[in-house]
Amino acid sequence: MEAVNISELVRGIYYIGVNDRTTTRFEGLWPLPAGVSYNSYLVNDEKVAVIDTVEVSSAMDYLTQIREIIGDKDVDYLVVNHMEPDHSGTIPFLLERYPSVKIVGNRQTISMIGGFYKITDSDRFLEIKDGDELSLGKKTLKFYLTPMVHWPETMMTYCKEDNLLFSGDAFGTFGALNGAVLDSAMGTDLHVKEMYRYYADIVGKYGAAVVRALSKLKDVEIKYICSTHGPVWHDRVSEVVGIVSRLANYEPEPGAVIVYGSMYGNTESAAEAVARELSKRGVKKIIMYNASYSDLSYMISDALRYEILVVGSPTYSMHLFPPVEQFMIAMETREIKNRVFATFGSHTWASAAVRKLDEYASRLKWEVASSFDFKQSMTEDTRKQAAQLAEEVVRLSKTLDKC
Ligand code: FEO
């Protein structure tokens, strides 16, 4: 077996990750049209440290890459920034190959390793606390505990001499790495776009924890961000920090997302009317999702990114139309803030959908800017209500250029 995915990032620090273009849904949920990478890193100093491992199906390739770099040397430390199995899955195999390796993690990490992999021997572990440092010889690793980004044990590891941050899932993206590893050596537009979706789908609920983590790192000089998914950021460090910071603070961009369900086209007609009225009022970025056919992953991502959210649903057995309900559950789960929200719905003999949408808004502490409901099919009045809805959300927008 050939070791193909090794890149030396700076002297003595290597990328040793793997690509996955086989899994169709990350976590069994989120589509991977361009694959995903599981990134791991190796510091080859007087002592050898591996930072995180990879998804277990690539264990053989992964161990070959380590051997290629260090030959007959031992791995002295395995730093575990994050325990989710896409990064921890190969720990048991690494321990089998290198039986004397010390696992470096915090109290939560050590507990999870016991739970997931039945590794409990205390001699195995070097427990660290926030701010602790570990010398590898010429290079020093410093540990920053960043809990709930997006699991309780998450932490980040900083190489002081090279200003290089091993950030775990933070700053991660979907999209495999097709040849290059450093952002400066590839076109990263796809990865930057996928960073929004990755954040919204995976981390979205934990904005406050991300803000705390960014604040903890604000005075740390960072020349390289080595995430566990996607490119190593070097040229675009400040840009990706800005993206994650805006998302974590729920700072929206100008634009409108219309999510709707429709059985026979009547609610869809109302969605079209709302879009047209928004456009007439100067909203240029309008994204429409028919919830029956659009993937939840993309709907969540744009709902987190843009300011105006309009949701429409037919009444279905006195509930929301199920795909719309699934979307609203995702909004509630992520506790999204700072939206201009409006609703519309249709019914045939009894109305419930708009009321149900308003109940979600109430739990999310969103004001409902405007809403309308119509019976069976649109009328001239419905058109006027769509225009009023558009007028009101544009009036309430803080991001649209309204001069
Ligand atoms: Fe990439 Fe949270 O695991």
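Up top you'll find the structure we're talking about.
Below: a short report on this structure. Being a predicted model, the structure only gives us computed values, none of them experimental.

A few points about the pattern of salt bridges
Once the charged atoms of two side chains with opposite charge are near each other, the side chains can pair. Under the counting rule described, the total for this entry stands at 18 salt bridges. Residue Arg-281 pairs with Glu-277 through a salt bridge whose shortest N-O separation is 2.8 Å. Taking relative accessible area as the criterion, Glu-277 reaches 13% and is therefore assigned buried. For Arg-395, the salt bridge identified is with Glu-392, shortest N-O distance 2.7 Å. Taken together, the residues span about one helical turn, with Arg-395 and Glu-392 both in helix 12 (residues 380-396) at a distance of 3 residues.

Some details on the packing of aromatic side chains
For the structure on display, the rule yields 10 aromatic pairs. Aromatic side chains Phe-341 and Trp-366 sit 4.8 Å apart centroid to centroid with 55 degrees between the ring planes, which places their arrangement in the tilted category. With Phe-341 in strand 21 (residues 340-347) and Trp-366 in the loop between helix 11 (353-364) and strand 22 (368-375), the pair connects residues that are 25 residues apart, well separated along the chain. The same class applies to Phe-341 as to Trp-366, namely buried. When the ring centre of Tyr-360 is taken as reference, the NZ or CZ atom of Arg-363 above it lies at 4.6 Å.

Let's talk about the nonpolar core
Membership of the largest hydrophobic core comes to 92 residues, with the highest contact counts inside it found for Ile-66, Leu-309, Phe-327, Met-328 and Met-331. At 8 residues, the largest contribution of residues to this core is made by helix 5 (residues 189-203). In terms of nonpolar packing, the next biggest core, distinct from the first, is built from 27 residues, Val-43, Leu-141, Phe-166 and Met-186 among them.

Some remarks on the side chain of Asp-183
Checked against the element boundaries, Asp-183 lands in the loop between strand 15 (164-168) and helix 5. In this structure, Asp-183 is buried with no salt-bridge partner, the nearest side chain bearing the opposite charge being Arg-236 at 5.7 Å. One polar contact links the side chain of Asp-183 to the main-chain amide nitrogen of His-234, over a distance of 3.0 Å. Reaching out from Asp-183, the side chain makes a polar contact with the backbone nitrogen of Asp-235 at a distance of 3.1 Å. Beyond its immediate chain neighbours, meaning those up to four positions away, Asp-183 contacts Thr-188, Pro-231, Val-232, Trp-233, His-234, Asp-235 and Arg-236.

Comments concerning helix 12
With 17 residues, helix 12 extends 25 Å between its outermost C-alpha atoms, agreeing within 8% with the 24 Å of an ideal straight helix rising 1.5 Å per residue. Among the residues of helix 12, Thr-382, Ala-386, Ala-387, Leu-389, Ala-390, Val-393 and Val-394 are the ones counted as buried. Seen along its axis, helix 12 keeps its buried residues to an arc of 155 degrees; they face one direction. For helix 12, the exposed residues lying more than 90 degrees away from the buried face are Glu-380, Asp-381, Gln-388 and Arg-395. Buried residues along helix 12 sit in contact with helix 8 (266-280), strand 19 (306-316), strand 21 and strand 22. The backbone nitrogen of Asp-381 has a side-chain oxygen 3.2 Å away, supplied by the residue at the start of helix 12, namely Thr-379.

Side note on the sheet that holds strand 1 (residues 7-10)
The strand order 1-2-7-8-9-10-11 describes an open sheet built from 7 strands, whose pairing is mixed. Of all strands in the sheet, those bounded by a partner on one side alone are strand 1 and strand 11 (125-127). Taken over all neighbouring pairs, the strand axes of this sheet differ in orientation by 25 degrees on average, direction set aside. Sheet topology note: the strand 7 (residues 41-44)/strand 8 (residues 48-51) ladder contains 4 bridges and is antiparallel. Within strand 8, the residue paired with Tyr-41 across the bridge is Ile-51. Of the strands in this sheet, strand 2 (13-15), strand 7 and strand 8 touch helix 1 (residues 59-70), which is tilted by about 20 degrees from strand 7.

Describing the packing of helix 5 against helix 7 (residues 237-248)
Running from amino to carboxyl end, helix 5 crosses helix 7 at an angle of 30 degrees, the nearest separation of the two axes being 11 Å. Taken together, the axes of helix 5 and helix 7 are roughly parallel relative to one another. Read as a crossing pair, helix 5 and helix 7 show a hand that is right-handed. Residues Val-192, Met-195, Tyr-196 and Tyr-199 of helix 5 lie in contact with helix 7, whose contacting residues are Glu-239, Val-240, Ile-243, Val-244, Arg-246, Leu-247 and Ala-248. Of the residues belonging to the contact of helix 5 with helix 7, the class tally is 9 nonpolar, no polar and 2 charged.

Remarks on the pairing of strand 21
Most of strand 21 sits out of view: 8 of its 8 residues are buried. Residues Val-340, Ala-342, Phe-344 and Ser-346 line one face of strand 21 and the alternating positions Phe-341, Thr-343, Gly-345 and His-347 line the opposite face, and both faces are buried. Examined bridge by bridge, strand 19 and strand 21 share 7 bridges and lie parallel to one another. In the sheet register, Pro-314 faces strand 21, and the bridge partner there is Ser-346. Judged from the 7 bridges that link them, strand 21 and strand 22 form a sheet pairing that is parallel. Residue His-347 lies in a different strand from strand 22, and its bridge partner there is Lys-375. The parallel pair strand 21 and strand 22 is bridged by helix 11, and the resulting crossover is right-handed.

Conventions we followed
Residues numbered from 1 in each chain as written. Predicted model: local features only at pLDDT ≥ 70, side-chain atom pairs only at ≥ 80, totals over all residues. Heavy atoms only, no water. Salt bridge = Lys/Arg side-chain N within 4 Å of Asp/Glu carboxyl O. Buried < 20%, exposed > 50% of the residue type's maximum accessible area, 1.4 Å probe, protein only. Helix = DSSP H or I, 4+ residues; strand = E, 2+ residues; numbered from the N terminus. Phe/Tyr/Trp six-rings, centres within 6.5 Å; stacked < 30°, edge-to-face > 60°. Lys NZ or Arg CZ within 6 Å of the ring centre and 35° of its normal. Core = buried A, V, L, I, M, F, W, Y, C linked by side-chain atoms within 4.5 Å. Lys, Arg positive; Asp, Glu negative; His and termini not counted. Polar contact = N/O pair within 3.5 Å; in protein donor to acceptor, adjacent residues only side chain to side chain. Contact = heavy atoms within 4.5 Å. Expected span 1.5 Å × (residues − 1). Arc of directions from axis to C-beta. Pairing = 2+ DSSP bridges. Axes fitted to C-alpha atoms, helices over the stretch in contact; angles between N-to-C directions. Parallel < 35°, antiparallel > 145°, perpendicular 65-115°, else oblique. Left-handed = near helix turned anticlockwise from the far one by under 90°. Nonpolar A, V, L, I, M, F, W, Y, C, P; charged D, E, K, R; others polar. Right-handed = clockwise from strand over helix to strand, strands pointing away.

No statement about biological role is implied by the geometric values presented.
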